[in-house]
Structures are given as C-alpha cells and as structure tokens.
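Each chain is listed here by its residues.
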Amino acid sequence: MLDTATALAMQPAKRMPREIAPGVFWIGDCLVQRHKGKIYHGYNAAFLVAGESASCLVETGHPKDFPVIERHLNVLFSHGVPPIKYLFVTHQETPHCGGLGRVLKAFPEAILCGDVCDYHLAFLQFEHRMRWMKEGDEIDLGGRSVQVVEPVIRDLRTTWWAFDTRERVLFPGDGFAYSHYHEDGHCGLVAEEAVSLDLPDVSSTFADLALFWTKFADMNVYCDRLDQLIARLGVKTIAPTHGLPITDVEATVPKVQQGLKEAALRPESGTNEKVVPTGTAAPAG
Ligand SMILES: [Zn+2]
Ligand SMILES: [Zn+2]
C-alpha cells in the first residue's frame, strides 16, 4: 500500500482542480519530457475563471488531457460554479487550443474568444461562435471580467494574454513557462511551495526548447516590459499554461526572468530526447 503523500505524487491530477485565487481554478495534467538525461514534467494547464453569472475557460489543455479537464470542470460545476459561456485561448498551438473542438462541442453555449485566426479552417461548424478580441477588450462574467492584455512573451504573432480584473490574475500563456520535478512531488503545487525547484534552471531549459527566438533577442528589454505590465495591472497571481502558478509575484518573477536571460546567452541545445522503447538498450554516450 502507498501512503497518501506517495499516492498523490503519483496521481497529480488528484490535486486538481485547485483554487489559486478566489474563483480562479487550475485544472489539467502534466506531460512528461526527457531532456539532458533528466525527466521533466510540464503542465499544459487550463484555468476556469468563475464570475457570478458565467465562467470563462482560459486555454483548453493538451488534446490528451480532455478527459481530465472535463472531469475537473464537472467537479467545479457540481459545486455551483456557473456554466462556461466563454473560451479564451492565448494562441493557435496544440498544448493551448488542442481541446478547442471538444470544449465547443461539450459546451454548446460557449463562445471562443481571442485572436481567432484560422480556427474556422478546422472547425467550420463553430465559425459563428468565434469572437475576435484585441488589447483592452473585456468579457463580462458578472462581478469580474476577463480582459485581453499585452502579450509580452509571445509564441505566435496571434498571441494575446488574459487578465482577471477582480483578483488581478494574469494568464500569460507561454510566458513564465517552466517545468517541474515529478519525483520531488511538485505536481499540483504553486511555485512557492515547490521549494526544491530550481526556477532559473527550468525556465532557461523551457526557453531553450520552446522559445527559440529568445536566443536572438535582448531579454533584458522583455523582462523590463514584463515588470511594467505587472506594475501597470497590479498583478497579484500569475497563471501560466506550462509553469506552476505564481502566488508571490515579487519573489518569484525575478527567478523566472533570470532563467530567460541566462538561456538567451547560450546556443540552442536541440530538441527533446526521444523515449527509448522498453526492452531496447539506450544508446551509449
Ligand atoms: Zn506553449
Ligand atoms: Zn507533474
């Protein structure tokens, strides 16, 4: 028999849904990645922002995660969270919008919001439920709204970030992207709880693998711009798609920025290592 802590560590999805700020719920699951001989876990998270009359789902999770996402949403609905009227996705990349078709099918009232470029090519049947948004536009959920804000760290030209105006939660998509260590029980923890997590290291590794343009940019400028955005909006919590949520902005953001700046100074290290099939000897060296 496993003790409870071990069982939880092995089934991270059991810690979710987790309320990271009043009415803002973290849902989804981890994805295993191998790099430099280490096993990293990354989230492809989604978040539910619950207003008084409606909820907004931010991101959809990885396609493999839809059963988990749906289960977590049903837990929230059973606790009285209002139905999903809006789906906001930061950009057109699989870990962010890969469950889009299934979400729109499962929640027939939901409107897809953001830069909705190209989605109609895959989901012509939902084209009438797509709403373009740009910086400053807001979705009203009753008592709070989700606002589209400047995407300082962007993966695609079409990226937008979202911001919850009531609890001042920033949803930065690929901004603040970093892995965590499953063996240390980090799954389902916020960044400040994962005390053994080397944030500069996992941030620089993620930038190396997923944000190649950071090699060719002055990341000091981007980090200054991030600081300006955080100050202007009065951000209290950061809910990244891939990283653990940040609940102490002042203490944690500089560690992530350190990783971005360090990664920018090193050449790209290549793509993820491939999984060695069971029973096959790993290549030497
Ligand atoms: Zn991403
Ligand atoms: Zn994990």
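Only a predicted model underlies this, so the values are computations on that prediction, with no experimental measurement involved.

1. Observations regarding the coordination of the zinc ion (ligand 1)
Here's step 1: Looking at the zinc ion (ligand 1), the protein donor atoms are His96 (NE2), Asp174 (OD) and His242 (NE2), and they sit 2.0 to 2.1 Å from it.
Here's step 2: The motif formed by the donor residues of the zinc ion (ligand 1), counted along the single chain, is H-x77-D-x67-H. Residue His96 is found in helix α3 (residues 94-97), and its partner Asp174 is found in the loop between β13 (169-171) and α6 (199-210); the two are separated by 78 residues along the sequence.

2. Topic: the packing of α6 against helix α8 (residues 249-264)
Here's step 1: Interaxial distance between α6 and α8 falls to 7 Å at its minimum, and their mutual angle equals 45°. The angle between α6 and α8 falls in the class oblique. Of the two possible hands of crossing, α6 and α8 adopt the one that is right-handed. Contacts from Leu199, Pro200, Ser203, Ser204 and Ala207 in α6 reach Thr252, Lys255, Val256, Gln258, Gly259, Leu260, Glu262 and Ala263 in α8.
Here's step 2: The class makeup of the residues in the contact of α6 with α8 is six nonpolar, five polar and two charged.

3. Thoughts on the environment of Val169
Here's step 1: Positionally, Val169 belongs in strand β13.
Here's step 2: By relative accessible area, Val169 is classed as buried at 0%.
Here's step 3: It is 9.7 Å that separates the C-alpha atoms of Val169 and Ile246, two residues lying 77 residues apart in sequence.
Here's step 4: In this structure, Val169 is in contact with Ala21, Val24, Ala162, Phe163, Asp164, Thr237 and Ala239, ignoring residues within four places of it in sequence.

4. A word on the pairing of strand β7 (residues 84-88)
Here's step 1: Counting buried residues along β7, four of its five residues qualify, which places the element largely inside the surrounding structure.
Here's step 2: One ladder, built from four bridges, connects strand β6 (residues 55-58) with β7; its direction is parallel. Of the residues in β7, the one forming a bridge with Val58 is Phe88.
Here's step 3: Handedness of the crossover joining β6 and β7 through helix α2 (residues 66-78) is recorded here as right-handed.
Here's step 4: Bridge count between β7 and strand β8 (residues 111-114): three bridges; the pairing is parallel.

5. Details of the sheet that holds β8
Hydrogen bonding along the main chain pairs the strands of a sheet, whether they run parallel or antiparallel.
Here's step 1: Spatially, seven strands are ordered β1-β2-β5-β6-β7-β8-β9 in an open sheet, and the strand pairing comes out mixed. Where the open sheet ends on each side, the last strands, each with one partner, are β1 (18-21) and β9 (130-132). Strand-to-strand twist across the sheet, computed as the mean angle between neighbouring axes with direction ignored, equals 30°.
Here's step 2: Contacts from α2 reach β2 (24-27), β5 (46-50), β6 and β7, with the element oriented near 150° to β2.

Reading the values: rules and limits
- Residues numbered from 1 in each chain as written.
- Chains lettered and ligands numbered in written order.
- Predicted model: local features only at pLDDT ≥ 70, side-chain atom pairs only at ≥ 80, totals over all residues.
- Heavy atoms only, no water.
- Donors = N, O, S within 2.8 Å, 3.2 Å for Na, K, Ca; no water.
- Helix = DSSP H or I, 4+ residues; strand = E, 2+ residues; numbered from the N terminus.
- Axes fitted to C-alpha atoms, helices over the stretch in contact; angles between N-to-C directions.
- Parallel < 35°, antiparallel > 145°, perpendicular 65-115°, else oblique.
- Left-handed = near helix turned anticlockwise from the far one by under 90°.
- Contact = heavy atoms within 4.5 Å.
- Nonpolar A, V, L, I, M, F, W, Y, C, P; charged D, E, K, R; others polar.
- Buried < 20%, exposed > 50% of the residue type's maximum accessible area, 1.4 Å probe, protein only.
- Pairing = 2+ DSSP bridges.
- Right-handed = clockwise from strand over helix to strand, strands pointing away.

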